[in-house]
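Residues per chain, in single letters:
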Amino acid sequence: MELLLLADPSEDAIKEYLDDSRCFVAYADDVAVGSCVIRPIAGQMVELMNIAVSPSSQNLGIGSRLLRNVIDEVKKSGAKGLEVGTGTFGYQLSFYQRHGFRVDRIDKDFFLQNYPDPIVEDGIQHKDMLRLTLEFGSVVQIGGIPRCLEN
Ligand SMILES: CC(C)(COP(=O)(O)OP(=O)(O)OC[C@H]1O[C@@H](n2cnc3c(N)ncnc32)[C@H](O)[C@@H]1OP(=O)(O)O)[C@@H](O)C(=O)NCCC(=O)NCCS
């Protein structure tokens, strides 16, 4: 939960989707340093509900490797693609786009309507959510070597 709260400030929201989701965990020396939660949604798509890496392990490539592994697992499952909701600015947006996600639509006022406290990054309040999709069949070129992760 400590990890999941880094990506989603609402424990209630996390608990609501955790039961019917799959959670992937990245370990370093037997310590959980990253997590990613996915669940099936309509149209044979899978939604990435949460991805987080512990602050002291961020920026080391763990999140990218975790996401690549999850993309591979979702592809193998036969789903049509992966969808994620994120803010309209910030490094997280580039993080997903670097892995081939593209903007699909905008959920206006999402953060205003669903979170009681303002979510502020770089001095700007998040108000709208971008919905991004990665549809399988598109070519994504990413460097690096995937490593084993526990499911
Ligand atoms: C998003 C997150 C999962 C990425 O994991 P990570 O292990 O840090 O990612 P990587 O090391 O593979 O780096 C991916 C990119 O994000 C950038 N990045 C990672 N953490 C960053 C930070 N705190 N501030 C700015 N940029 C950051 C890296 O510089 C890298 O960019 P580059 O490829 O141009 O060098 C992780 O930063 C995190 O847990 N953030 C907090 C939770 C969160 O916001 N989750 C996503 C919700 S939409």
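Residues numbered from 1 in each chain as written. Predicted model: local features only at pLDDT ≥ 70, side-chain atom pairs only at ≥ 80, totals over all residues. Heavy atoms only, no water.

Caption draft 1: The arrangement of the nonpolar core in detail. Grouped together as the largest cluster of nonpolar side chains are 25 residues, with contacts concentrated most on Ile-38, Leu-48, Ile-51, Leu-67, Leu-82, Tyr-96 and Phe-101. Elements with a contribution of two residues or more to this core: strand S1 (22–28), strand S2 (31–41), strand S3 (45–53), helix H3 (62–76), strand S4 (81–87), helix H4 (91–98) and strand S8 (129–135). With six residues, the top contributor of residues to this core is H3. With sequence-adjacent residues up to four places away left out, Leu-67 is seen in contact with Leu-48, Ile-51, Phe-95, Tyr-96, His-99 and Phe-101. Residues Leu-4, Ile-14, Tyr-17 and Met-49 belong to the second largest nonpolar core, which totals five residues. (Core = buried A, V, L, I, M, F, W, Y, C linked by side-chain atoms within 4.5 Å. Buried < 20%, exposed > 50% of the residue type's maximum accessible area, 1.4 Å probe, protein only. Helix = DSSP H or I, 4+ residues; strand = E, 2+ residues; numbered from the N terminus. Contact = heavy atoms within 4.5 Å.)

Caption draft 2: Fine view of H4. Buried within H4 we find Leu-93, Phe-95 and Tyr-96. For H4, the angular spread of buried residues about the axis comes to 155°, placing them on one side. In H4, the exposed positions that point more than 90 degrees away from the buried face belong to Tyr-91 and Arg-98. The elements touched by buried residues of H4 are S3, H3, S4 and S8. Of the residues flanking the end of H4, it is Gly-100, one or two places downstream, whose phi is positive at about 100°. (Arc of directions from axis to C-beta.)

Caption draft 3: Highlighting the packing of aromatic side chains. Enumeration according to the criterion identifies five aromatic pairs in this entry. Ring centres of Tyr-96 and Phe-101 lie 5.6 Å apart, and the angle between their planes is 65°; this geometry places the pair in the edge-to-face category. Grouping residues by exposure puts Tyr-96 and Phe-101 together as buried. Here Phe-110 and Phe-111 contribute two aromatic rings whose centre-to-centre distance is 5.4 Å and whose plane-to-plane angle is 90°, an arrangement assigned as edge-to-face. The residues Phe-110 and Phe-111 share a single accessibility class, namely buried. (Phe/Tyr/Trp six-rings, centres within 6.5 Å; stacked < 30°, edge-to-face > 60°.)

Caption draft 4: The pairing of S8, seen in detail. Within S8, six of the seven residues are buried, which leaves the element mostly enclosed by the surrounding structure. The pairing of strand S5 (residues 102–107) with S8 spans five bridges and is antiparallel. Each residue of the ladder has a partner; that of Val-103, found in S8, is Leu-132. (Pairing = 2+ DSSP bridges.)

Caption draft 5: Structural detail: the side chain of Ser-57. Following the sequence through the fold, Ser-57 ends up in the loop between S3 and H3. Apart from residues no more than four positions distant in its own chain, Ser-57 is found in contact with Val-33 and Ile-62.

Caption draft 6: The arrangement of the site of the ligand in detail. Taken together, 18 residues sit near the ligand, with Val-53, Asn-59, Gly-61, Gly-63 and Ser-64 positioned nearest. Within the side chain of Gln-92, an N or O atom sits 3.0 Å from an oxygen atom of the ligand. Within the side chain of Arg-98, one N or O atom sits 3.2 Å away from an oxygen atom of the ligand. Considered on its own, the ligand offers 900 Å² of accessible surface; in the complex 72% of this is hidden by protein. Breaking the shell around the ligand down by element, the ones donating at least two residues are helix H1 (4–7), S3, H3 and H4. Among the elements that make up the shell around the ligand, the one with the highest residue count is H4 (five residues). Among the residues making up the shell around the ligand, the classes are represented as 10 nonpolar, seven polar and one charged. (Near = heavy atom within 4 Å. Polar contact = N/O pair within 3.5 Å; in protein donor to acceptor, adjacent residues only side chain to side chain. Areas by Shrake-Rupley, 256 points an atom, 1.4 Å probe, with all protein chains shown as cover. Nonpolar A, V, L, I, M, F, W, Y, C, P; charged D, E, K, R; others polar.)

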